Amino acid sequence: GNFLWFRSGNHPLCVNKTVYLEQGVPLSGMAVILCAYVFIGVVGLWIGHIMLTQTPFKILLTLRGTVAAYGGLLLLTAVFSFSPNQAQRAGVLAPDRPADEALMARPNLLLIMVDTLRADHLGAYGFPTPISPNIDALAKESVVFEKAYASASWTRASTASLFTSMPPSGHNCAVKVAMLPDDVLTIAEVLKEEGYVTGGLPNNINVTRSFNFQQGFDWFDYQAPNYIAGATESSSQLSMYNVVRKIRDRLTGAKKRVEDYYQPADVVLGNTKTFIEANKSQRWFGFVHLMEPHDPYFERPFTGEGVGRAEMEHPPEELEAAIREAYQEEITWMDTELGKFFGWMKAEGLYENTTIVITADHGEEFLEHGGWWHGTTLYDEQLHVPLIVKLPNSKWAGTRVPWQVRQLDTPATLAVLGGAVVPMDWAGDDLFEEDFDAAARVLRAVTLDDQAASVDGEDAAASPMTKVELVHHKERVVLSEENFEGNVLSAVRADGFKYIRANMGNPRGLAPEELYEVQPDPGELNNIVGKNGRVQAAMSVLLRDQLKAAISVGVSAQTADISADDCERMRALGYIDGDCSELSAGPVSTGASPEVD
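Because the structure is a prediction, the values reported are computed rather than measured.

Asker: Hey, could you run me through the environment of Trp 403 in this one?
Answerer: Inspection of the secondary structure assignment puts Trp 403 in strand 14 (residues 400-406). Taking C-alpha positions, Trp 403 is 7.6 Å from Arg 476, a pair spaced 73 residues apart along the chain.

Written out as structure tokens, the structure reads:
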């Protein structure tokens, strides 16, 4: 019962990606597609011959008929461009919601998710070149979690974990046809229940209303790519729009435009200001999504030149340095706009009483393990993300937390800061537990090698723990999962080791089992599977138990109705191959679940 009809020339790629989840179209499926195309072609030629030679439609063969037909399509496009329904998509910018005294004693909460930002490319995480001075400055006024890891290495699955505090096996929004289920409880819903005005500015089609990510947001305004001649989302789905787009690309030499892929940071942060200004008398929670580190990477200063996954899935090795440099330039451009935004917050008197969290959905690979981009492995270049938390009045400023934490601890932390109780089904925990103040004093005063330093004038022996003991006591088990482009992966990180399992025959060519001792081998280059049976067995059992726990509290999966427009945006960002402008989809299986045996 699964059917997808595609424009000729793109069917195997799109069917493989959306129906068979990159597992490969079987021969029977290819045969069905071939027979369908032969049938459609024969019928189409027969009907076309009749319509264009033996009916009044033969006028279309004349010049005036062709001009009239295209003129009519353009008029129809214009009519759809002014559809009144579009204005209702975002919600209510400033709802009239009375805030009680207890809520007004709480801080505003701002969650900034920078798409595809590697932790190790920020100065705050040791990057040697100053490409992120404003984020680094914020980090000095914040608590920096040095070892924070994402739940997945592609946007939809990872952001779903950031919203729901559940691993992918829990929220079941892990594959390209999946949507965020109605039954999950998001951080926006939790904070809205507490009285916060909630606003979201998603900037990637994967986390929009199309995939049900608006849950709990009063205002959810997709920072959509610009359309030609003022078209809207509805009119952009017309075939005529895509003809116009292709003509424009040819006339302009196919120069890339940032706005064809996402809205740049200055636009998104400008819209963030609008939301904040509209709710100054309230307590608000804002989700802001910045896209610059996601491909395509544009040449700066902007020239229209850029490189991205959609055009170059496997760049030649000699381009690695140039592509990495372009990635770094995008981080700098975005960081500059963040610096202006933080300056505005300070000028408006908003900065001190706002908790600001900067994190990422995942990182990016530049041949560290022989590949590019993201989504196909669970190595740290794709999982290690920044987690910087600037608390009101810069509480605990300068504290650097050395134990590993999870990206999905973020919503639990925001919930506690907002006065809410952490939902029982959430896997995450508050990053600032009751004893964090004592731990922070130890972290600021004691090094890993110094067991006798003083702690704020106290003797170290009188402090609750040394730094080494803190790390051992507070380390959190990290579960990460992936079901992307045929690679079904799961990984667990604990006790200084990382264990990864992959499906047999995965397209990336990953080994079925990998085990790394991460402290002496941070690059995960020395697979010690088979060399430490005790640890390997223990980590395998731990992974199984983590997956079982996630599934036990999980919700049922839901499948998204992927429109032609949604698919086109996914294609532009490298998530879908081919031209999807004429795609229509029926129900599709969400694919295999992780192994838990």
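Asker: Honestly, helix 11 (residues 320-347) in this entry has me stumped. Any pointers?
Answerer: It helps to recall that an α-helix has 3.6 residues per turn; residues three or four apart then point in one direction. Between the first and last C-alpha of helix 11 there are 41 Å, a value that for 28 residues agrees with the 40 Å anticipated at 1.5 Å per step. Where helix 11 ends, the next residue or the one after it, Gly 349, has phi of about 75 degrees, a positive value.

Asker: Quick question: what am I supposed to make of the confidence of the model for the protein chain here?
Answerer: Low pLDDT means the predicted coordinates in that region are not meant to be read closely. Looking at the protein chain, the pLDDT average stands at 82 and 75% of residues meet or exceed 70. Counting interchain partners and residues more than four positions distant, the pLDDT-below-50 stretch residues 447-462 has 19 contacts.

Asker: How should the packing of helix 14 (residues 436-445) against helix 15 (residues 467-474) be read in this particular structure?
Answerer: Each packed pair of helices is defined by two parameters, the angle between the axes and the distance between the axes. The geometry of helix 14 relative to helix 15 is characterised by a closest axis approach of 9 Å and an angle of 135 degrees between their N-to-C directions. Between helix 14 and helix 15, the interaxial angle falls into the category oblique. Viewed along their axes, helix 14 and helix 15 form a crossing whose handedness is left-handed. Note on element contacts: helix 15 touches helix 14 through Lys 467, Leu 470 and Lys 474, opposite Ala 439, Val 442 and Leu 443. In terms of residue class, the contact of helix 14 with helix 15 is made up of four nonpolar, no polar and two charged.

Asker: How should I be thinking about a negative patch on the surface in this particular structure?
Answerer: A cluster of acidic residues, Asp 100, Glu 101, Glu 193 and Glu 194, forms a negative patch on the protein surface. Here Glu 193 is to be found in helix 8 (residues 187-193).

Asker: Honestly, the sheet that holds strand 18 (residues 513-517) in this entry has me stumped. Any pointers?
Answerer: In a beta sheet, neighbouring strands pair by backbone hydrogen bonds and run either parallel or antiparallel. Taken in spatial order, the four strands line up as 15-16-17-18 in an open sheet, and their pairing is antiparallel. Taken across any chain shown, the strands that pair with only one partner, and hence form the sheet edges, are strand 15 (478-484) and strand 18. For this sheet, the mean angle separating the axes of adjacent strands, direction not counted, is 10 degrees. Sheet analysis places strand 17 (residues 497-502) next to strand 18, joined by five bridges and oriented antiparallel. In the sheet register, Phe 497 faces strand 18, and the bridge partner there is Glu 517.

Asker: It is not clear to me how the pattern of salt bridges should be interpreted in this structure. Could you clarify?
Answerer: In total, this model carries 23 salt bridges according to the counting rule given. The salt bridge involving Arg 324 is made with Glu 368; its shortest N-O contact spans 3.2 Å. Remark: Glu 368 occurs in the loop between strand 10 (365-366) and strand 11 (372-373) and Arg 324 occurs in helix 11; sequence separation between them is 44 residues. Close ionic contact of Lys 498 with Glu 524 constitutes a salt bridge, the shortest N to O distance being 2.8 Å. Linking Lys 498 in strand 17 with Glu 524 in the loop between strand 18 and helix 16 (533-552), this pair joins segments that are 26 residues apart in sequence. A relative accessible area of 2% means that Lys 498 is categorised as buried. Members of the salt-bridge network, linked through shared partners, are Arg 406, Asp 409, Asp 429, Glu 433, Asp 435, Lys 474 and Arg 476.

Asker: I would appreciate a short explanation of unusual backbone geometry in the present structure.
Answerer: For residues besides glycine, phi is generally negative; the peptide bonds are generally trans as well. Residue Pro 296 is reached from Asp 295 by a cis peptide bond, and omega for that bond is 5 degrees. Examined against the element boundaries, Pro 296 turns out to sit in the loop between strand 6 (284-290) and strand 7 (297-298). Along the chain, Arg 300 connects to Pro 301 via a cis peptide bond; the corresponding omega equals -5 degrees. Relative to the assigned elements, Pro 301 resides in the loop between strand 7 and strand 8 (306-307). Phi is positive for Thr 116, which is not a glycine, with a value near 65 degrees. Structurally, the position occupied by Thr 116 is in the loop between strand 1 (108-114) and helix 5 (133-140).

Asker: So what exactly am I meant to see when it comes to the environment of Thr 377 here?
Answerer: With respect to the helices and strands, the residue Thr 377 is situated in the loop between strand 11 and helix 12 (380-383). Separated by 105 residues in sequence, Thr 377 and Glu 482 place their C-alpha atoms 7.6 Å apart. Ignoring anything within four residues of it in the chain, the contact list for Thr 377 reads Ser 153, Glu 365, Gln 382, Leu 489, Arg 508 and Leu 510. A distance of 3.0 Å separates the side chain of Thr 377 from the side chain of Gln 382, its partner in a polar contact.

Asker: What is the right way to look at the nonpolar core in this model?
Answerer: The nonpolar side chains of a soluble globular protein tend to be buried with one another. If you look at the biggest cluster of nonpolar residues, it comprises 111 residues, and the most contacted ones within it are Ile 112 and Phe 285. Per-element accounting of this core gives the leading share, ten residues, to helix 11. Of all hydrophobic cores here, the second largest spans eleven residues; its members include Tyr 499, Ile 528, Met 539 and Leu 543.

Asker: Explain the side chain of Thr 164 to me, please; I cannot follow it from the model alone.
Answerer: Tracing the sequence through the fold places Thr 164 in helix 6 (residues 155-164). Among the residues examined, Thr 164 registers a relative accessible area of 0% and is labelled buried. Within the structure, the side chain of Thr 164 is placed 2.7 Å from the backbone oxygen of Ala 160, a separation counted as a polar contact.

Asker: Where do I start with the pairing of strand 9 (residues 354-359) in this structure?
Answerer: The side chains of a regular strand alternate, first on one face of the sheet and then on the other. Within strand 9, six of the six residues are buried, leaving the element largely enclosed by the surrounding structure. Sheet analysis places strand 1 next to strand 9, joined by six bridges and oriented parallel. Note that in strand 9 the partner of Ile 112 across the bridge is Ile 358. Relative to strand 13 (residues 387-390), strand 9 runs antiparallel, the two sharing four bridges. Bridge pairing links Thr 359 to Leu 387 in strand 13.

Asker: In this structure, what is going on with the pairing of strand 2 (residues 143-149)? I would like to understand it.
Answerer: A large share of strand 2 lies buried, amounting to five of its seven residues. Where strand 2 and strand 13 come together, two bridges link them in antiparallel fashion. For Val 144, the partnering residue across the bridge sits in strand 13 and is Ile 388. In the sheet, strand 2 pairs with strand 14 via five bridges, with the strands oriented parallel.

Procedures and definitions
Residues numbered from 1 in each chain as written. Predicted model: local features only at pLDDT ≥ 70, side-chain atom pairs only at ≥ 80, totals over all residues. Heavy atoms only, no water. Helix = DSSP H or I, 4+ residues; strand = E, 2+ residues; numbered from the N terminus. Expected span 1.5 Å × (residues − 1). pLDDT = per-residue confidence, 0-100. Contact = heavy atoms within 4.5 Å. Axes fitted to C-alpha atoms, helices over the stretch in contact; angles between N-to-C directions. Parallel < 35°, antiparallel > 145°, perpendicular 65-115°, else oblique. Left-handed = near helix turned anticlockwise from the far one by under 90°. Nonpolar A, V, L, I, M, F, W, Y, C, P; charged D, E, K, R; others polar. Patch = residues over 30% accessible without salt bridge, like charges linked within 9 Å, V, L, I, M, F, W, Y side chains within 5 Å. Areas by Shrake-Rupley, 256 points an atom, 1.4 Å probe, with all protein chains shown as cover. Salt bridge = Lys/Arg side-chain N within 4 Å of Asp/Glu carboxyl O. Lys, Arg positive; Asp, Glu negative; His and termini not counted. Charge placed at Lys NZ, Arg CZ, Asp CG, Glu CD. Pairing = 2+ DSSP bridges. Buried < 20%, exposed > 50% of the residue type's maximum accessible area, 1.4 Å probe, protein only. Polar contact = N/O pair within 3.5 Å; in protein donor to acceptor, adjacent residues only side chain to side chain. Core = buried A, V, L, I, M, F, W, Y, C linked by side-chain atoms within 4.5 Å.

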